[in-house]
Amino acid sequence: WYWQKEKRAPYVKFMEANYPPGFSYEDFGPLFTAEFFDSNQWADILKASGAKYVVLTSKHHEGFTLWGSKYSWNWNAVDVGPKRDLVAELATSVRNRTDLHFGLYHSLFEWFNPLFLEDATNVFKTRKFPTSKSLPELYELVTKYQPEIIWSDGDGNAPDTYWNSTGFLAWLYNDSPVRDTVVTNDRWGVGSICMHGGFYTCSDRYNPGHLLPHKWENCMTIDKKSWGYRRNAQLDDYLTIEDLVKQLVETVSCGGNLLMNIGPTHDGRIAVIFEERLKQMGAWLKVNGEAIYGTKPWRAQNDTVTPEVWYTFSPKEGKVNAIFLNWPVSGTLELGEPQAKLGETQVKLVGYEELLKWVALGEKGIIIALPQLTPHQLPCQWGWTLQLTDVN
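Identification of the protein as alpha-L-fucosidase from Rynchops niger is taken from an unreviewed UniProt entry. Quoted verbatim from the Function (unreviewed entry) field of the UniProt record, the comment on the protein reads "Alpha-L-fucosidase is responsible for hydrolyzing the alpha-1,6-linked fucose joined to the reducing-end N-acetylglucosamine of the carbohydrate moieties of glycoproteins."

Below is the structure:
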């Protein structure tokens, strides 16, 4: 897009300097080799991250499908490049080795598809592209791979009537093989984002910081600058594990899910830095998962007195979880929101055995004495959870 459509100078110059004259985007097809792609290894990394679902980009805006789609002749991973059905391989490994829900991202439009460009010229009064390409692909994906999440994207500035989104979704929820399990997002045509859908995405890297009335998802990237893999990325371009835990905690306390993007390499690897971040997230969730999984938003999302404290509620146990991202130097943590009850309220640091001592502050608020622990004795790094039982 930057090179061919916007013709941004750095991209045009890079292509001129590093590729033969007349090199086209299509010529990248055979260079996508995936020789190191091991779907079992991917599944193991995904499982270790503590994630509950995974969404693979089955086709992005340039139209190349990662499965042998009969509607994308000679522009798919089975005909060109890897000569493998990458969607099938990952679906099989995820289902055999993990309990993650398997999802697929699919772009409705394609930047340079002549049929789409023709429809766009006709102000979407004609529907050649959705009827011959986009919709048949979606039906094929669902029937063949039975994904439990359909993550639609790329409306191409066309309305949902052009895409016949409602027709497809009616089939998906009533007659498709995944009708009882499938979940969808909100990107089904101009005006549908943040308005219609199973869960709202609203925008990329969406993190409102307050409670929303509808289920939503913060879809963001570990590489601050890209959704793909960048060979020229610097260490500073990647979010730290502290950044990622903060994103997770803020998102979940406001009723959202976190979808963290990693860009694999042309030869099929998850870069080691991404693997490390995912495994760190998994290590944190092993300790603090009770404050994340199966929780609901509490009456307050973050604390009024101490910044960087976020709340979630575990309905089954009736516990309020206060996740704090900075360990106080004083050794005491003041919370302005919980109303403690003398002789009833209990405070526990997740991953630490003994109950903690606390003092109530008038009508509302509580001061908690944290245990004096060496870094080695801490239950985890990057953020800690206090579980409060019997609070108003």
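By domain assignment, the protein separates into domain 1 (9–291) and domain 2 (296–389). Its C-alpha centre places domain 1 at a distance of 37 Å from the equivalent point of domain 2. Here domain 1 and domain 2 share an interface that buries about 1,700 Å² over both sides, 68% of which is from carbon and sulfur atoms. For Lys 246, the salt bridge goes to Glu 308, with nearest N and O atoms at 3.8 Å. Where domain 1 packs against domain 2, one counts 6 residue pairs in polar contact (both at pLDDT 80 or more).

Below, the discussion takes up the packing of aromatic side chains. Under the counting rule described, the total for this entry stands at 32 aromatic pairs. Their ring planes at 20 degrees and their centres at 5.8 Å tell us that Tyr 105 and Trp 151 sit as a pair that is stacked. With a gap of 46 residues between them, Tyr 105 in strand E2 (residues 101–107) and Trp 151 in strand E3 (residues 149–153) connect regions that are remote in the sequence. Per residue, the accessibility class of Tyr 105 equals that of Trp 151, and both read buried. Judged by centre distance (4.8 Å) and plane angle (55 degrees), the ring pair of Phe 124 and Tyr 162 falls under tilted. Of this pair, Phe 124 sits in the loop between helix H4 (114–121) and helix H5 (128–145) while Tyr 162 sits in helix H6 (residues 160–163); the two residues are 38 residues apart in sequence, bridging distant segments of the chain. Per residue, the accessibility class of Phe 124 equals that of Tyr 162, and both read buried.

In this fold, Ser 192 is placed in the loop between strand E4 (183–184) and strand E5 (216–221). A distance of 3.0 Å separates a polar atom in the side chain of Ser 192 from the backbone oxygen of Asp 186. Leaving out residues up to four positions away in the same chain, Ser 192 has contacts with Asp 186 and Arg 187.

Attention shifts here to a nonpolar patch on the surface. Together, Trp 1, Tyr 2, Tyr 11, Phe 112 and Leu 117 make up an exposed nonpolar region whose accessible area comes to about 460 Å². Assignment of secondary structure puts Phe 112 in the loop between E2 and H4.

Now for the pairing of strand E1 (residues 53–59). Of all 7 residues that make up E1, 6 are buried, and the element is covered over most of its length. Relative to E2, E1 is paired through 6 bridges, and the arrangement is parallel. By the bridge assignment, Thr 57 is partnered in E2 with Tyr 105. Each parallel crossover has a hand, and the one from E1 via helix H3 (residues 86–97) to E2 is right-handed.

Take the state of the cysteines next. By the definition in use, this model includes 1 disulfide. Summary of cysteine pairing: Cys 219 is not part of a disulfide, and the nearest cysteine sulfur, belonging to Cys 202, is at 12 Å.

On to the pattern of salt bridges, then. What the rule picks out here adds up to 20 salt bridges. A salt bridge links Lys 246 to Glu 250; the shortest N-O distance between them is 2.7 Å. You can see Lys 246 and its partner Glu 250 sitting in helix H8 (residues 241–253), 4 residues apart, about one turn around the helix. Since its relative accessible area comes to 29%, Lys 246 is described here as partly exposed. The shortest N-O distance in the salt bridge between Lys 279 and Glu 275 comes to 2.7 Å. Of this pair, Lys 279 and Glu 275 both sit in helix H9 (residues 272–288), 4 residues apart, which is roughly one turn of the helix.

For the rest of this paragraph, the subject is H4. Measuring from the side-chain oxygen of the N-cap residue of H4 to the backbone nitrogen of Leu 115 gives 2.9 Å; that N-cap residue is Asn 113. Taken from the residues just after H4, Val 123 is the one with a positive phi, measuring 50 degrees.

UniProt's feature table lists "domain: Glycoside hydrolase family 29 N-terminal" (unreviewed entry) at residues 1–290, given in the numbering used throughout. Taken end to end, residues 1–290 has its terminal C-alpha atoms 43 Å apart, with 35% of it in helix and 11% in strand.

Another aspect to go through is unusual backbone geometry. Of note, the phi angle at Val 123 is positive, near 50 degrees, even though the residue is not glycine. Relative to the assigned elements, Val 123 resides in the loop between H4 and H5. The class for Val 123 is exposed, based on a relative accessible area of 58%. In the Ramachandran plot, Phe 124 falls in the positive-phi region, its phi being about 60 degrees despite a non-glycine side chain.

Before going further, it helps to spend a moment on the nonpolar core. Grouped together as the largest cluster of nonpolar side chains are 80 residues, with contacts concentrated most on Met 281, Trp 284, Ile 368 and Leu 386. Counting residues in hydrophobic clusters, the runner-up holds 19 residues, among them Val 142, Ile 150, Trp 171 and Val 178.

Of the voids in this model, the second largest pocket is the one considered here, and its volume is about 190 Å³. Looking at the second largest pocket, it is lined by 13 residues, and the ones nearest its centre are Trp 1, Phe 109, Phe 116, Gly 156 and Asn 157. For the lining of the second largest pocket, the class distribution of residues is 8 nonpolar, 3 polar and 2 charged.

So, about the UniProt feature "domain: Alpha-L-fucosidase C-terminal" (unreviewed entry) in the protein. UniProt tags residues 301–389 as "domain: Alpha-L-fucosidase C-terminal" (unreviewed entry). With 0% helix and 37% strand, residues 301–389 has end C-alpha atoms that lie 17 Å from one another.

A few words on the packing of H8 against H9. The N-to-C vectors of H8 and H9 enclose an angle of 55 degrees; their axes lie 10 Å apart at closest approach. When the interaxial angle is binned, H8 and H9 end up oblique. Along this stretch, H8 crosses H9, giving a crossing that reads as right-handed. Contacts between H8 and H9 involve Ile 241, Leu 244, Val 245, Leu 248 and Val 249 from the former and Arg 277, Gln 280, Met 281, Trp 284 and Leu 285 from the latter. Of the residues contributing to the contact of H8 with H9, the split by class is 8 nonpolar, 1 polar and 1 charged.

Parameters and conventions
Residues numbered from 1 in each chain as written. Predicted model: local features only at pLDDT ≥ 70, side-chain atom pairs only at ≥ 80, totals over all residues. Heavy atoms only, no water. UniProt positions renumbered as here; feature names shortened; annotations may be inferred. Domains from an automatic or database assignment. Buried area = accessible area lost by both parts, 1.4 Å probe. Salt bridge = Lys/Arg side-chain N within 4 Å of Asp/Glu carboxyl O. Polar contact = N/O pair within 3.5 Å; in protein donor to acceptor, adjacent residues only side chain to side chain. Phe/Tyr/Trp six-rings, centres within 6.5 Å; stacked < 30°, edge-to-face > 60°. Helix = DSSP H or I, 4+ residues; strand = E, 2+ residues; numbered from the N terminus. Buried < 20%, exposed > 50% of the residue type's maximum accessible area, 1.4 Å probe, protein only. Contact = heavy atoms within 4.5 Å. Patch = residues over 30% accessible without salt bridge, like charges linked within 9 Å, V, L, I, M, F, W, Y side chains within 5 Å. Areas by Shrake-Rupley, 256 points an atom, 1.4 Å probe, with all protein chains shown as cover. Pairing = 2+ DSSP bridges. Right-handed = clockwise from strand over helix to strand, strands pointing away. Disulfide = S-S within 2.5 Å. Core = buried A, V, L, I, M, F, W, Y, C linked by side-chain atoms within 4.5 Å. 1 Å grid on protein atoms, 1.4 Å probe; cavity = no way out; pocket = protein on both sides within 12 Å on 5 of 7 lines; lining within 4 Å. Points joined across faces, edges and corners; volume = space filled by probe spheres on them. Nonpolar A, V, L, I, M, F, W, Y, C, P; charged D, E, K, R; others polar. Axes fitted to C-alpha atoms, helices over the stretch in contact; angles between N-to-C directions. Parallel < 35°, antiparallel > 145°, perpendicular 65-115°, else oblique. Left-handed = near helix turned anticlockwise from the far one by under 90°.

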